[in-house]
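Spelled out, the chains give:
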Amino acid sequence: FWQTVTTDLFIKKKLNVFGPITMPKMKETMCGHLAIWKKPDPNQLFKYVLNVHGTEVVGAWGIVMNFLDWGELKDRSNIYQRFADCNFEFELTSIDGASTLAMSPNHELLTDENSIIVETETMHGVWQNRVGNSNGWDPSWYPAAVAGVVLASLLLGLLTASTLVERQLHRNLLYKVMPRRAIAKLHRGQTVLEKFNLVTIFFSDIVGFTSMAGKMRPIQVMKMLNELYTELDKLVEKHQVYKVETVGDSYMVVGGAPDRVPAPLAAERVALFAIDAIELVKNFSAKDGDQIFIRAGLASGPTVAGVVGSAMPRYCFFGDTVNLASTMERTSKKMKIQVAEMTYRLLQDAPNMTFDLKKRMEGDIAGVEIKGKGHQITYWVDKAHLRGATSVKKEIDTTPRDFDIEAPSTSATSPRSSLPEMSEGDIDDASTASMGEEMFTPGEIYDAITAQEWGMIGHAESSIVAATDDRDKMVCRAAALLEHHLETVIQERDPQAKMTLSVKIQLNKFAADVASTYNGAKFHSLSHAMHVTTSMNKLVSLVATDESALNKFSLVFSAFLHDAGHTGMSNKILHDIHHPLTEKFADDVPTAERNSIGIALDLLFRDEYQALRSAIICDDMDKVQFSKAIFQTILVTDIASPDRVDLCKKRYEASNGNGKCEPQLCPLVPHLSEIMDLVFDGELEVQTKYPDEFTVTMKGLEECVRREHLMLLSDVAHLMQGWENFIKWNFRLYKELYVCFSKGQCEDPRDGWYQGQIGFLDKYVLPLAKRSQIYFEKEFSDAIVNNGLMNMQLWMKHGIRASAVMLEGIVNDTNESEVLLQLYELPSL
């Protein structure tokens with residue numbers, strides 16, 4: 001025993017405690033020993049050394065022994081009562097001494113299943129305390145608590161489900177009150193205002209309703225109208241028309257709005273609805289047995305729709321067409337449908353049905369007198385037949401059709417309405433593309449494309465604006481946008497002038513020829529050119545500065561052709577592989593961009609486009625402005641050149657008063673001779689005639705910088721729009737670079753793709769967006785910056801996964817739509 005004590009004290013140099021042991025007057029005693037050391041005396045020549053079991057220990061002098069009444073200590077600590085109060089049993093033991101230090105009365109009931117062991121380091125060694133409940137760990141209140149939690153969860157689930165159902169019912173009710181996109185705009189705090197070039201409107205009312213209502217109680221009137229309108233609402237869904245409102249006994253329906261469809265199809269749907277409404281009323285009677293009769297009227301033309309009021313807002317239609325449709329109903333007859341002449345002409349071209357149409361005659365007089373419009377020719381609609389199923393004789397009006405089907409729209413008139421004036425050769429040249437995409441007029445296409453939200457360009461459900469890779473559709477859209485802007489150029493010069501048919505035909509053919517130069521690259525394709533063109537069209541419609549019509553046309557024109565003839569290879573790759581294109585231009589000239597300019601101008605200056613060229617370029621000044629815009633906007637898209645990007649920034653700084661207006665800032669100086677050769681056939685006297693146009697001035701610099709920034713914004717617009725556009729074009733660029741990599745023409749795009757996109761957004765896109773804010777109203781300028789920031793945040797969060805999905809899709813040759821679907825869903829994961 002003492003050997004153990006002295007070893008602990010003098011060799012191991014630790015406190016020695018043992019016990020409990022039994023001693024007189026103390027049933028449980030803890031005994032402790034502490035070594036005493038002699039402090040060395042520096043004046044003493046020898047050290048005090050003690051031999052402890054064969055080990056020499058320097059400075060050991062003695063020990064102190066201490067006794068502790070363990071039983072008394074336990075009583076004072078109240079350890080037994082504390083555990084009893086918690087309904088716990090316990091057993092405290094010493095591992096080193098293998099002795100029991102304390103225990104509760106029922107400690108033998110503790111097992112591994114109903115207890116836990118807690119270890120504690122002490123001067124007496126390691127103590128173990130087994131603590132538990134003989135009945136297990138679950139307290140008496142546990143089952144009730146579980147039941148309460150389950151019940152609460154059930155109630156919470158029911159409340160959540162009820163809330164979601166109520167929310168959906170609320171949405172469904174809202175969608176019945178006004179269009180979805182109108183509701184979305186209202187939620188964003190935006191004004192809802194839309195223009196429709198050509199819609200068809202239906203009005204009806206109950207004949208003799210006033211006298212009929214006077215004979216019935218109000219509740220009976222309400223029930224009758226509810227029953228009638230409920231049935232008419234079913235016809236609205238059947239014929240896919242839009243119910244505007246009911247006022248008293250009047251019922252109003254629109255076709256072609258708010259969801260745009262071709263004008264003949266809209267007229268067909270409304271006319272079929274009207275015929276079914278007449279048939280419905282024939283078999284409908286009031287509760288008192290009285291037969292109900294209605295009269296109906298249809299009119300077609302332009303209109304404006306929007307939400308008016310803040311208290312109980314309504315989606316309403318305004319314009320002369322609404323008034324005319326109401327007049328057609330008011331002057332109609334019992335159980336008849338009267339249509340205006342424009343509707344009559346549209347029904348003649350209905351795509352699926354033929355209609356029995358008869359001119360209205362009152363004796364020898366055709367039509368009716370309309371207040372404010374004079375005498376108008378109108379028609380009765382009786383029945384409809386499937387086109388081709390029955391031969392129906394239509395009354396043909398031989399009077400000249402001297403008005404356009406789109407009038408009074410400011411957009412370009414449709415070639416379709418004037419086809420009888422074409423020669424056979426003209427008809428062949430015009431091709432079906434000039435007829436408008438899927439029977440839409442150019443004005444309707446322009447309006448629909450321009451009305452798109454910036455962030456969701458190309459992602460609407462409507463086929464007229466939804467993104468497509470169909471070449472014919474893209475050509476049609478490009479021609480419609482260019483036609484609108486060229487019409488504006490013509491009317492800015494002469495408000496009475498209109499675009500000629502030959503110009504329209506040549507414009508459509510020119511658009512098709514430009515489209516044919518796109519070579520099927522994955523990214524630098526016709527599809528991307530159309531996205532850039534659509535984005536540019538949106539930007540010029542929102543730009544806050546006073547732009548000339550020719551400048552707007554030039555910007556949209558440049559956007560469409562800026563990648564014409566692109567090989568799918570960067571300028572660096574073209575030079576590295578010594579592509580034949582690089583031999584055509586100087587080393588400091590961006591090959592791809594300069595090639596696109598050459599292709600476009602070579603096409604435009606062909607003899608076959610004389611009429612189109614004359615419409616665009618009226619004189620030498622127009623030629624100067626047009627050529628400057630083309631060169632400035634397309635050359636600046638060489639953003640892979642650091643020098644060109646830096647020079648663009650310097651021009652911006654100088655134009656905003658932060659630098660000098662110096663000749664070396666002009667981007668056209670190195671290309672002046674090319675402009676003279678391509679556009680002016682080498683006629684250098686134009687420089688003498690218009691010296692200011694060939695001198696660097698602050699006004700010219702500001703105009704150049706504005707053009708460049710609008711083009712740069714359009715070129716990378718997908719990065720400042722919604723995630724869908726961002727990731728779609730990111731994937732296509734990845735594919736294009738991967739093709740080059742597989743041919744050994746560039747480095748592996750996988751290396752640094754994730755970080756590279758973050759760097760490009762942070763160092764190029766966001767600064768570009770912020771610089772461009774001065775050209776737009778605050779709401780839109782903030783939106784382009786915020787969209788860029790949002791895309792960068794989403795890419796930082798999902799970019800690694802997105803890169804893996806893209807690579808897997810390329811390697812496995814997965815259908816692009818399947819890959820894009822996975823990429824679109826990433827932010828929701």
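Up top is the structure.
Everything quoted here is computed from the prediction, not taken from an experiment. For every chain, the first residue of its written sequence is number 1, and the numbers climb from 1 along that sequence. Reporting in this predicted model follows two pLDDT cut-offs: at least 70 for local features of residues, and 80 or more for side-chain atom pairs to be given and counted; totals over whole chains, interfaces and linings ignore these cut-offs and use all residues. The side-chain values count all of the structure's non-hydrogen atoms but skip hydrogen atoms and water molecules.

Topic: the pattern of salt bridges
Line of reasoning, step 1. For salt bridges, the criterion is a side-chain nitrogen of Lys or Arg within 4 Å of an Asp or Glu carboxyl oxygen. Counted under the stated rule, the structure contains 27 salt bridges.
Line of reasoning, step 2. The partner of Arg 707 in a salt bridge is Glu 703, with the nearest N and O atoms 3.3 Å apart. Here Arg 707 pairs with Glu 703, and both are found in helix α24 (residues 698-715), just four residues apart, close to one helical turn.
Line of reasoning, step 3. For Lys 763, the salt bridge identified is with Asp 762, shortest N-O distance 3.8 Å.
Line of reasoning, step 4. Accessible area is worked out with a 1.4 Å probe on protein chains only. A residue is then buried under 20% of its type maximum, exposed over 50%, and partly exposed in between. A relative accessible area of 61% means that Lys 763 is categorised as exposed.
Line of reasoning, step 5. Take Asp 762: its relative accessible area is 36%, and that puts it in the partly exposed class. To qualify as a helix, a DSSP run of H or I must reach at least 4 residues; to qualify as a strand, a run of E must reach at least 2; elements of each kind are numbered from the N terminus.

Brief notes about the pairing of strand β11 (residues 242-247)
Line of reasoning, step 1. Pairing between strands is defined by DSSP: at least two bridges between the two strands are required. Where β11 meets strand β12 (residues 250-255), five bridges bridge the pair, whose relative direction is antiparallel. Directly across from Lys 243, in β12, lies its bridge partner Val 253.
Line of reasoning, step 2. Connecting the antiparallel pair β11 and β12 is a turn made up of two residues, with Gly 248 showing a positive phi of about 65°.

Concerning the side chain of Glu 444
Line of reasoning, step 1. Inspection of the secondary structure assignment puts Glu 444 in helix α12 (residues 442-450).
Line of reasoning, step 2. Once you skip the residues sitting within four places of it in the chain, Glu 444 turns out to touch Asn 197, Leu 198, Val 261, Ala 263 and Ile 464. Whether two residues touch is decided by their heavy atoms; if any such pair falls within 4.5 Å, the residues are in contact.

Some points on the packing of aromatic side chains
To describe a pair of aromatic rings, one takes the distance between the centres and the angle between the planes.
Line of reasoning, step 1. Ring pairs are drawn from Phe, Tyr and Trp, using the six-membered ring of Trp, whenever the two centres fall within 6.5 Å, and their geometry is named by plane angle: stacked under 30 degrees, edge-to-face over 60, tilted for the rest. Scanning the entire structure with this criterion turns up 23 aromatic pairs.
Line of reasoning, step 2. For the ring pair Trp 70 and Trp 127, a centre distance of 5.6 Å and an interplane angle of 75° mean the geometry is edge-to-face. Of the two residues, Trp 70 sits in helix α2 (residues 70-77) while Trp 127 sits in strand β9 (residues 125-132), which places them 57 residues apart along the sequence. Taken as a pair, Trp 70 and Trp 127 share a single burial class, namely buried.

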